[in-house]
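Notes for the structure review
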Amino acid sequence: MAITVTLAFSVAPERVEEFKTLLKELLPDTRAYDGCQSVDVYQNQDDPGLIYLVEDWESKAHQQRYQAWRDETGVAETVGPFLAGEPRFNYFEKQDI
């Protein structure tokens with residue numbers, strides 16, 4: 001079943017632009033990964049250090065395989081120095097209400 005995943009990053013204010021540049025480098029591989037339907041990036045207008053990725057995946061299993069691959073590649077060590085806190089994942093299923 002298709003899911004939407006949000007990933008919230010709290011980025012140190014002095015590193016926001018550099019972090020956005022890093023995302024431009026990383027996201028082509030995300031978008032090309034099996035099961036990824038789309039990834040969009042949002043920046044909070046009132047708190048520019050709050051960056052959200054909104055991802056659509058074929059299934060939670062697809063996203064979790066992708067995340068395991070990213071973990072294996074050491075992306076946490078690359079992204080970690082930019083962050084003011086732990087990233088937060090949320091998984092959503094669209095409801096036909």
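Everything that follows concerns the structure shown earlier in this document.
As a starting point, this report considers the structure included with it. (Residues numbered from 1 in each chain as written. Predicted model: local features only at pLDDT ≥ 70, side-chain atom pairs only at ≥ 80, totals over all residues. Heavy atoms only, no water.)

**Details of the overall build of the chain**
Along its length, the chain carries 3 helices and 4 strands. Moving toward the C terminus, one meets the helices and strands of the chain in the order β-α-β-β-α-α-β. Here the chain has a C-alpha radius of gyration of 13 Å; the compact-globule value for 97 residues is 13 Å, and the two agree. For the chain, the proportion of its 97 residues judged to be buried stands at 36%. Sequence separation of at least 24 residues holds for 72% of the intrachain contacts in the chain that already meet a minimum separation of 6. Per element, the accessible surface of the chain, about 6,200 Å² overall, is 49% carbon and sulfur. Each charge sign in the chain was given a centre, from 9 positive and 18 negative side chains, and these centres are 2 Å apart. (Helix = DSSP H or I, 4+ residues; strand = E, 2+ residues; numbered from the N terminus. Rg over C-alpha atoms; globule rule 2.2 N^0.38 Å. Buried < 20%, exposed > 50% of the residue type's maximum accessible area, 1.4 Å probe, protein only. Contact = heavy atoms within 4.5 Å. Areas by Shrake-Rupley, 256 points an atom, 1.4 Å probe, with all protein chains shown as cover. Lys, Arg positive; Asp, Glu negative; His and termini not counted. Charge placed at Lys NZ, Arg CZ, Asp CG, Glu CD.)

**Re the sheet that holds strand β3 (residues 50-57)**
The strand order β2-β3-β1-β4 describes an open sheet built from 4 strands, whose pairing is antiparallel. The strands lining the two open edges of the sheet, one partner per strand, are β2 (36-43) and β4 (88-92). Shown here is a sheet whose adjacent strand axes are inclined to one another by a mean of 15°, direction ignored. Here strand β1 (residues 3-10) pairs with β4 via 5 bridges, running antiparallel. Counted as the bridge partner of V5 is Y91 from β4. Together, β1, β2 and β3 form the strand contacts of helix α1 (residues 16-32), whose direction differs from that of β2 by roughly 170°. (Pairing = 2+ DSSP bridges. Axes fitted to C-alpha atoms, helices over the stretch in contact; angles between N-to-C directions.)

**Things to note about α1**
Taking 1.5 Å per residue, 17 residues should reach 24 Å; α1 reaches 25 Å between its end C-alpha atoms and fits that length. If you check which residues of α1 are buried, you get V16, F19, L22, L23, L26, L27 and T30. Looking at the buried residues of α1, the elements they touch are β1, β2, β3, α2 (60-72) and α3 (75-79). (Expected span 1.5 Å × (residues − 1).)

**Concerning the side chain of Q63**
Position of Q63 relative to the elements: it lies in helix α2. Take Q63: its relative accessible area is 0%, and that puts it in the buried class. With residues near it in sequence (within four places) discarded, Q63 still touches I3, V5, E55, W57, F89 and Y91.

**Focus on the packing of aromatic side chains**
Throughout the structure, instances matching the rule amount to 7 aromatic pairs. With centroids separated by 5.2 Å and ring planes inclined at 70°, the aromatic side chains of Y33 and Y66 adopt a geometry described as edge-to-face. Taken together, the residues Y33 in the loop between α1 and β2 and Y66 in helix α2 connect sequence positions 33 residues apart. Looking at Y66, the relative accessible area reads 6%, which means it is buried. Grouping aromatic residues by their ring pairs yields a cluster made of Y33, W57, Y66 and W69. The aromatic ring of F82 is capped on one face by R15, whose charged end is 4.1 Å from the ring centroid. For the cation-ring pair, K60 lies above Y91, with the distance from its terminal atom to the ring centre recorded as 4.5 Å. (Phe/Tyr/Trp six-rings, centres within 6.5 Å; stacked < 30°, edge-to-face > 60°. Lys NZ or Arg CZ within 6 Å of the ring centre and 35° of its normal.)

Everything listed here is a matter of coordinates, which is why it stays silent on function.
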